[in-house]
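# What the coordinates show
The lines below spell out each chain.
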Amino acid sequence: MIYVVDGDTFDVLIDGVEERVGYIGIDTPELGGCYYGESSAANEQLVSGQEVWVVSDPANDRDSTASHRLLRYVWAGDVFVNELLVREGFAEATTRFPERRFEEALVDAEREAHAAGRGIWTACPSFGELS
């Protein structure tokens, strides 16, 4: 069972242990921010009720914030959720993590969303700067 916290975070059972998971390489609006509800709803639609596949990275096992989330690349079926959230304008690509395995795909997805004016790039022009 998956409980969606917001646009880039969800809780899931992994080997019988409830874990909070954050997506590597993306950032979505925070609570109260422009497009928060839309980003959270998109994440819920993509992962809620699905069996997800999470891929770790040795350099980024857990978030250093208070939530201490597991940091992961996430697939639901054959959908790379991190990338789709960016491509559809629900998230921006971030390069603050040492892991760069999918950085090019995420940055390309952001450029496409930005150029097309999808999601945050039209609704929240000051959300982030193009990577």
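Residues numbered from 1 in each chain as written. Predicted model: local features only at pLDDT ≥ 70, side-chain atom pairs only at ≥ 80, totals over all residues. Heavy atoms only, no water.

Moving on, we get to the overall build of the protein. When its secondary structure is counted, the protein shows four helices and eight strands. Walking the protein from its N terminus toward its C terminus, one meets helices and strands in the order β-β-β-β-α-β-β-β-α-β-α-α. Taking 131 residues into account, the globule formula puts the C-alpha radius of gyration at 14 Å, and the protein, at 14 Å, falls close to it. Seen through its principal axes, the protein has C-alpha atoms that stretch 40 × 30 × 30 Å. Scored against the burial criterion, the 131 residues of the protein give a buried share of 47%. Contacts in the protein between residues far apart in sequence, at least 24 positions, make up 59% of those at least 6 positions apart. (Helix = DSSP H or I, 4+ residues; strand = E, 2+ residues; numbered from the N terminus. Rg over C-alpha atoms; globule rule 2.2 N^0.38 Å. Buried < 20%, exposed > 50% of the residue type's maximum accessible area, 1.4 Å probe, protein only. Contact = heavy atoms within 4.5 Å.)

The next point concerns the environment of R87. Structurally, the position occupied by R87 is in helix α2 (residues 81–87). Taking the C-alpha atoms as reference, R87 lies 9.2 Å from V107; in sequence the two are 20 residues apart. Those residues in contact with R87, other than ones at most four positions away along the chain, are A105, A109, E112, A113 and R118. Engagement of the side chain of R87 in a polar contact is seen with the side chain of E112, the distance being 2.4 Å. (Polar contact = N/O pair within 3.5 Å; in protein donor to acceptor, adjacent residues only side chain to side chain.)

A few words on the nonpolar core. Counting residues in each nonpolar core, the largest one holds 32 residues, and the members touching the most others are F10, Y23, I26, V47, V74, V81 and L85. For this core, the elements supplying multiple residues, two or more each, are β1 (2–6), β2 (9–14), β3 (17–23), α1 (36–47), β6 (70–76), α2, α3 (103–116) and α4 (120–123). Here this core gets six residues from one element, more than from any other, and that element is β6. Contact partners of L85, with chain neighbours within four places excluded, come to G7, Y23, I26, A42, N43, L46, F90 and A91. (Core = buried A, V, L, I, M, F, W, Y, C linked by side-chain atoms within 4.5 Å.)

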